[in-house]
Amino acid sequence: EKQVETEPAEQEVELAEERERQRQVQREQEHAVQKKQREEGRRHEQKESEAFVQQAIQYQLRSSFAGKLIEAMDEVSSVLGPDSVRSLSLSFPRIVVVGQESTGKSSVLERISMMPLFPRGADLCTRMPVELQLRHTDLGTLKGMCDHLKLQYDAE
């Protein structure tokens, strides 16, 4: 049998094609890295934006008439006990969240309270009635309460 040798010109073409394939792979890898960096940047910007909005909402609530009323009610409650406020027969806004399974009801309550309160998972997680009672408190007290209840606390 005769062994056919590849001519030098054909070898150069094959080498050039191989180099082009390697450059293409490298470009694709660089593109993937850049895309990932852009996505991380967007997530970081979104997180900062959400934190800013939460701070703005908290400021507006605290400085509003409702915020002053809530602070006064918290003071009454701390002096006379938690049931004293209920006995005053005051009517405060209430929110009822209803909906089908896995439609974000717990997420709505977490956004209102600005705290991660409920478990996460692929299965059903919050299959119970929940009542949230929001109160103003200083960050030190909040952190101490979260530590006591073994809840995650993030000051950011």
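A quick note: this is a predicted structure, and the numbers were derived from the prediction, not measured.

## Re the overall build of the protein
- A tally of regular secondary structure across the protein gives five helices and zero strands.
- Its helices and strands in sequence order give the protein the pattern α-α-α-α-α, from N to C terminus.
- With 156 residues in all, the protein has 9% of them scored as buried.
- A sequence separation of at least 24 residues applies to 30% of the contacts in the protein between residues at least 6 apart.
- Carbon and sulfur atoms make up 53% of the accessible area of the protein, which totals about 14000 Å².

## Comments concerning the confidence of the model for the protein
- Here the protein shows a mean pLDDT of 78. Residues at 70 or above account for 85%.
- Averaged pLDDT values for the elements of the protein fall to 71 in helix α3 (residues 82-87) and rise to 86 in helix α1 (residues 8-63).

## So, a nonpolar patch on the surface
- A cluster of nonpolar residues, I95, V108, I112, L117, M128, V130, L132 and L134, forms a patch on the protein surface that exposes about 670 Å² of accessible area.
- Counting through the fold element by element, L132 comes out in the loop between α4 (105-113) and α5 (139-148).
- Owing to a relative accessible area of 35%, L132 belongs among the partly exposed residues under this scheme.

## Section: a negative patch on the surface
- A surface patch of negative charge is lined by E7, E10, E14 and E17.
- Among the residues examined, E10 registers a relative accessible area of 44% and is labelled partly exposed.

## Some remarks on the side chain of E110
- In this structure, E110 sits in helix α4.
- Judged by its relative accessible area of 8%, E110 is buried.
- For E110, the contacting residues outside a window of four places in its chain are M115, P116, L117, F118 and R120.

## Looking at the pattern of salt bridges
- Counting across every chain of the model gives five salt bridges.
- One salt bridge connects R111 with E50, and the closest N-O pair in it is separated by 3.8 Å. Taken together, the residues span a long stretch of sequence, with R111 in helix α4 and E50 in helix α1 at a distance of 61 residues.
- Here D147 makes a salt bridge to K143, at a shortest N to O gap of 3.3 Å.

About the criteria used
- Residues numbered from 1 in each chain as written.
- Predicted model: local features only at pLDDT ≥ 70, side-chain atom pairs only at ≥ 80, totals over all residues.
- Heavy atoms only, no water.
- Helix = DSSP H or I, 4+ residues; strand = E, 2+ residues; numbered from the N terminus.
- Buried < 20%, exposed > 50% of the residue type's maximum accessible area, 1.4 Å probe, protein only.
- Contact = heavy atoms within 4.5 Å.
- Areas by Shrake-Rupley, 256 points an atom, 1.4 Å probe, with all protein chains shown as cover.
- pLDDT = per-residue confidence, 0-100.
- Patch = residues over 30% accessible without salt bridge, like charges linked within 9 Å, V, L, I, M, F, W, Y side chains within 5 Å.
- Salt bridge = Lys/Arg side-chain N within 4 Å of Asp/Glu carboxyl O.
- Lys, Arg positive; Asp, Glu negative; His and termini not counted.
- Charge placed at Lys NZ, Arg CZ, Asp CG, Glu CD.

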